[in-house]
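Coordinates in review
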Amino acid sequence: MEIRKSEFFISSSTVGQCPSDSKAEYAFIGRSNVGKSSLINMLCNHKGLAKTSATPGKTLLINHFIVNDQWYLVDLPGYGYAQRSKKTQEKLSFMIKSYILQREQLANLFLLIDVRHSPQKIDLEFINFLGENGIPFAIIFTKADKISREKLGNNVRAYMEKLSETWEELPPYFITSSEKKEGRTEVLNYIDHINKELSSTSEES
Ligand code: GTP
Ligand code: MG
């Protein structure tokens, strides 16, 4: 799929403020600093579209970006940033979870995991939350450029094995590097596939 156009659309602090049209959307979630905003820029080939930062806690709102005038990419605030006050943590967690549970336009959620780390409790808990609530999601391993190919393979394998202890059916996963533009075609093809599926089911009804 070609991305011809990508533009900032709106920032919302509650799910109720999100766009009221029925375009499909694809959102990105994960720990603060995992690379959500960078990945959106990489997928769109549009530097500076989503704001990124070397310090965690940059994205604080639900940000919609419209792609090819047809569908949205949604940048969400990260979770698990220990330096935040408890009150801010709770507010952001409520914002994220309300969006995920209530947003009917959410076609697929991408859960980002830094591929350098072993499975972390906070991410596994988030995956359980998604599974228990039947949210369609895929995993995106980020920052693949930061470790050797051998370590990369081992970490991904270990992660999926850990998930198989709890889940019978494993989510699809992608390996990416925003730095090296790795995994771009695979993620865009996946989105394209879902978009096509959605438009064929809406034609039938
Ligand atoms: P919050 O909005 O704070 O939750 O963070 P985020 O998940 O949006 O992360 P962001 O995209 O702002 O990236 C955080 C830092 O990681 C930045 O310094 C990025 O340059 C860096 N980064 C993101 N993706 C990659 C990657 O694939 N490779 C490398 N080497 N660095 C990356
Ligand atoms: Mg961000």
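An account of the accompanying structure is given in this report. (Residues numbered from 1 in each chain as written. Chains lettered and ligands numbered in written order. Predicted model: local features only at pLDDT ≥ 70, side-chain atom pairs only at ≥ 80, totals over all residues. Heavy atoms only, no water.)

**Things to note about the sheet that holds strand S5 (residues 106-114)**
The strand order across the open sheet formed by seven strands is S1-S3-S4-S2-S5-S6-S7, and the pairing between neighbours is mixed. Because the sheet does not close on itself, it has two edges, and the strands there are strand S1 (6-12) and strand S7 (173-175). Neighbouring strand axes in the sheet, compared pairwise and without regard to direction, differ in orientation by 25° on average. (Pairing = 2+ DSSP bridges. Helix = DSSP H or I, 4+ residues; strand = E, 2+ residues; numbered from the N terminus. Axes fitted to C-alpha atoms, helices over the stretch in contact; angles between N-to-C directions.)

**Focus: the nonpolar core**
Among the nonpolar cores identified, the biggest contains 36 residues, and Tyr99, Ile100, Leu109 and Phe126 are the most heavily contacted of them. When residues of this core are traced back to their parent elements, those giving at least two are strand S2 (25-30), strand S3 (62-67), strand S4 (71-75), helix H2 (86-102), S5, helix H3 (121-132), strand S6 (137-142) and helix H4 (149-164). With residues up to four places along the chain from it excluded, the contact list for Phe126 reads Ile29, Tyr79, Ile96, Lys97, Ile100 and Leu111. Counting 27 residues, the second-largest nonpolar core is a separate cluster that includes Ala24, Leu49, Phe65 and Ile194. (Core = buried A, V, L, I, M, F, W, Y, C linked by side-chain atoms within 4.5 Å. Buried < 20%, exposed > 50% of the residue type's maximum accessible area, 1.4 Å probe, protein only. Contact = heavy atoms within 4.5 Å.)

**Things to note about the side chain of Ser32**
Secondary-structure assignment places Ser32 in the loop between S2 and helix H1 (36-44). On the accessibility criterion, Ser32 (14% relative accessible area) is buried. Those residues in contact with Ser32 that sit more than four places away from it in its chain are Pro56, Gly57, Gly78, Tyr79, Tyr81 and Arg84.

**Quick word on the pattern of salt bridges**
With the rule as written, the count across this model stands at nine salt bridges. Salt-bridge contacts for Lys5 lead to Asp69; the nearest nitrogen and oxygen are separated by 3.2 Å. Taken as a pair, Lys5 in the segment before S1 and Asp69 in the loop between S3 and S4 lie far apart in primary sequence, 64 residues in all. A salt bridge links Asp114 to Arg116; its shortest N-O distance comes to 2.7 Å. Asp114 gets classed as buried once you look at its relative accessible area, which sits at 10%. (Salt bridge = Lys/Arg side-chain N within 4 Å of Asp/Glu carboxyl O.)

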